[in-house]
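Coordinate analysis (summary)
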Amino acid sequence: MRITNQMMINSSMANIQVNKKQVNTLDTQLSTQKKINKPSEDPIIAIRALRLRASLNEVTQYLKKNIPDAQQWLSTTQGALTQGESVINKLYEYCNQGSSDSYASEQRNTIAESLKALKKTFYDEGNVDYAGRYVFTGYKTNSTLTFQADSKEAYNISEYLSADKIEEYNYSYGNVKTPTAADVAAKTAPGTPENTTLHRLRLSYDNITDITGGKISYSYKDTATGQMTTKELNVTTVTTSDLEASSYAIADNDIVFNKDTGEFLMGKTLASNLKSFGATVSVNYDKTGFSKGELRPENYFDCTNNTDAANPSQYTNFENGKRVRQDIEYTIASNQTLVVNTQASTVFNSDIARDLDNLTSIVQSAIDAHSVVDNIKEMKGLSQYSSKDDQEYLESCLAAAQKQADYADHQLQTVFNRGLTKFEGYMSDVNLAITDVGSKGQQLDITKNRMSNQQQTVEALKSDNEDKDLSEIIIDYTSSYTAYQASLQAAAKLERQTLLDYL
């Protein structure tokens, strides 16, 4: 085959282009320190790079966003629970002291105010939020746990009550008041304090409008058939005044509902039967008007907000008598989620509010009863009541007032004594919730460490796939550039050759 000069020149130019392209490629690598600049240079590296980058972005999302968010949510929750625990502990201390001591007169006013303040503090912790989302209200993260102001909203509420919460309770009536000057002159008979014991089952609210249909139902498992049995009870709705007028007379198998206090009062036979059945009592009732600090029903019960009758809002918290979990989950790793929220019903439940209100009421009753005693004693020392008739009358009033005060002291001590068991149980619930949050935090820390290690691994794989060592690039570049320069020199010599050089 005849090789012409032009063929040699063309071959030299092609070689120069190959060397020049290699130098250009290495120059780009020197600038970027990447193996490839576009997918066509090496499709396998490009595909692997896409996969590794997607994996790295996913891990970074977990590590930089999801896990820190979950940690902050848990931290907010734990802080609130810890504060709640300190409140319950303080209440337990009050009960512990009050169970063996009726408290001195000067202490009662302080205790009454302290109980109100502690209740507010406790449920304020239930209103904490993280980044504008309330952490204890389940899916309703835009809703507070309690009413933030007095409200005239109207609700229809369905509530499930366990029969094991039926308790004996002492009721006093025939209250004695401080006699006025007219009472002393007319020798108006003082009240006759009386005391009776009944069995009660409380709703979560007082000042109820009415029980729907005047009936409640209770369900229990029939031991003979093994089937669930449901029965209805007719309930008479009364007020506190009605009960006092009837001297709290309730037959053994009867049940009444005090809408003022939100309590079902029943005779001992009915109470015993419901307890022995292990019954669950279902109540549907209406309540209009809530005070600031009261619990919002939608966070606890199946209910309907009928404030706007044309557009009622319905809320479901139970299915088949069991509470529906409203879990807020964070994806903290591939195929791994973590429930970060604690529902209010497990810690900030309505029983605590009712018990605190009851304690406050009992303390206030003791304050009022002793105030009447002190007032009558003071009246006995006034000159205007120095006559024998007035003194005898005031003495009879004092005896009645002292009896009332004794009832109040006994009730105070009894309620505080029962509070020991109740608040110990509430303390256990809070501690359990704190432990649960702590275990989730530990799980999150373990996952965070694993994600951090995984991030380093993926980054290393990504670097191995995409990056090129600078020293290696410099060596290759120097070699390629030398070859390029040599090709230029060789081509230059070739182009200087002519036919005359061979003549």
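Everything here concerns the structure above.
Presented here is a report on the structure given in the accompanying data block. (Residues numbered from 1 in each chain as written. Predicted model: local features only at pLDDT ≥ 70, side-chain atom pairs only at ≥ 80, totals over all residues. Heavy atoms only, no water.)

Another aspect to go through is the overall build of the chain. In terms of helices and strands, the chain carries ten helices and 18 strands. Taken over the C-alpha trace, the chain has a radius of gyration of 41 Å; the compact-globule value for 503 residues is 23 Å, which it surpasses by more than 25%. Along the first, second and third principal axes, the C-alpha atoms of the chain reach 165 × 60 × 45 Å. When the 503 residues of the chain are sorted by exposure, 41% land in the buried category. A total accessible area of about 26,600 Å² is found for the chain, and carbon and sulfur atoms account for 48% of it. (Helix = DSSP H or I, 4+ residues; strand = E, 2+ residues; numbered from the N terminus. Rg over C-alpha atoms; globule rule 2.2 N^0.38 Å. Buried < 20%, exposed > 50% of the residue type's maximum accessible area, 1.4 Å probe, protein only. Areas by Shrake-Rupley, 256 points an atom, 1.4 Å probe, with all protein chains shown as cover.)

Taken together, the side chains of I3, M7 and M8 define a hydrophobic patch exposed on the protein surface, amounting to about 250 Å² of accessible area. Within the fold, M7 resides in helix α1 (residues 5-32). Since its relative accessible area comes to 34%, M7 is described here as partly exposed. (Patch = residues over 30% accessible without salt bridge, like charges linked within 9 Å, V, L, I, M, F, W, Y side chains within 5 Å. Salt bridge = Lys/Arg side-chain N within 4 Å of Asp/Glu carboxyl O.)

Attention now moves to the environment of T269. Following the sequence through the fold, T269 ends up in helix α6 (residues 268-277). Residues T269 and A251 lie 18 residues apart in sequence; the distance between their C-alpha atoms is 8.8 Å. The residues contacting T269, other than those within four sequence positions of it, are D252 and N253. (Contact = heavy atoms within 4.5 Å.)

This part takes up the sheet that holds strand β10 (residues 255-258). Reading across from one edge, β4-β5-β11-β10-β9 is the order of the five strands in this open sheet, with mixed pairing throughout. Taken across any chain shown, the strands that pair with only one partner, and hence form the sheet edges, are β4 (167-173) and β9 (236-238). If you compare each strand with its neighbour and ignore which way they point, the axes differ by 40 degrees on average. The pairing of β10 with strand β11 (residues 263-266) spans four bridges and is classified as antiparallel. The partner of I255 across the bridge, within β11, is M266. (Pairing = 2+ DSSP bridges. Axes fitted to C-alpha atoms, helices over the stretch in contact; angles between N-to-C directions.)

Moving on, we get to the pattern of salt bridges. If the charged atoms of two oppositely charged side chains come close together, the side chains can form a pair. Counted according to the given criterion, the structure contains 18 salt bridges. Across the salt bridge formed by R202 and D355, the nearest N and O atoms sit 2.7 Å from each other. Note that R202 is positioned in strand β5 (residues 194-202) and D355 in helix α8 (residues 350-380), a separation of 153 residues in sequence. When sorted by exposure, R202 lands in the same class as D355, which is buried. Each member of the salt-bridge network shares a partner with another, and the members are E167, R200, R202, E263, D355 and K422.

Its identity is not glycine, yet K187 carries a phi of approximately 55 degrees, on the positive side. Tracing the backbone shows K187 in the loop between α4 (181-186) and β5. Look at K187 and you get partly exposed, because its relative accessible area is 33%. Unlike most non-glycine residues, S247 shows phi in positive territory, near 55 degrees. By relative accessible area, which is 36% here, S247 ends up partly exposed.

The residue S55 is located in helix α2 (residues 43-98) in this model. Expressed as a C-alpha distance, the spacing of S55 and A189, which sit 134 residues apart in the sequence, is 87 Å.

Turning next to the nonpolar core. Generally speaking, nonpolar side chains in soluble globular proteins are found buried as a group. In this structure, I88, I216, F264, M266, V283, F348 and F423 are the most contacted members of the largest nonpolar core, which totals 113 residues. Examining the composition of this core, we find that 21 residues originate from one element, helix α9 (residues 388-466), more than from any other. Ignoring anything within four residues of it in the chain, the contact list for V283 reads I157, S158, E159, L161, L203, I211, I216 and F264. (Core = buried A, V, L, I, M, F, W, Y, C linked by side-chain atoms within 4.5 Å.)

This brings us to the side chain of D302. Of note, D302 is situated in strand β13 (residues 302-305). For D302, which is buried and forms no salt bridge, the nearest opposite charge comes from R323, at a distance of 7.5 Å. A polar side-chain atom of D302 sits 2.5 Å from the main-chain amide nitrogen of N317. When near neighbours in sequence (up to four residues on either side) are disregarded, D302 contacts N156, I157, S158, Y160, Y315, T316, N317 and F318. (Lys, Arg positive; Asp, Glu negative; His and termini not counted. Polar contact = N/O pair within 3.5 Å; in protein donor to acceptor, adjacent residues only side chain to side chain.)

Here the focus is the side chain of D390. Structurally, D390 is set in helix α9. Here D390 falls in the buried class, since its relative accessible area comes to 12%. Only 3.1 Å separates the side chain of D390 from the side chain of S387, close enough to count as a polar contact. The residues contacting D390, other than those within four sequence positions of it, are V184, K187, Q384 and Y385.

End to end, α8 covers 45 Å across 31 residues, agreeing with the expected 45 Å (1.5 Å per residue, within 8%). Its side-chain oxygen 3.0 Å from the backbone nitrogen of D351, N349 forms the N-cap of α8. (Expected span 1.5 Å × (residues − 1).)

As defined by bridge partners, strand β17 (residues 329-333) adjoins strand β18 (residues 336-339) across four bridges and the pair is classed as antiparallel. Directly across from T331, in β18, lies its bridge partner T337. Hairpin connection between β17 and β18: a loop of two residues separates the two successive antiparallel strands, and N335 in this loop has a positive phi of roughly 60 degrees.

As a further point, take the packing of helix α3 (residues 105-125) against α8. With their axes 9 Å apart at the nearest point, α3 and α8 run at an angle of 165 degrees to one another. If you check the angle between α3 and α8, you find them roughly antiparallel. Along this stretch, α3 crosses α8, giving a crossing that reads as left-handed. Residues R108, N109, I111, A112, L115, K116, K119, F122 and Y123 of α3 pack against S350, I352, A353, L356, D357, L359, T360, V363, Q364, A366, I367 and H370 of α8. Of the residues in the contact of α3 with α8, the class split is twelve nonpolar, five polar and four charged. (Parallel < 35°, antiparallel > 145°, perpendicular 65-115°, else oblique. Left-handed = near helix turned anticlockwise from the far one by under 90°. Nonpolar A, V, L, I, M, F, W, Y, C, P; charged D, E, K, R; others polar.)

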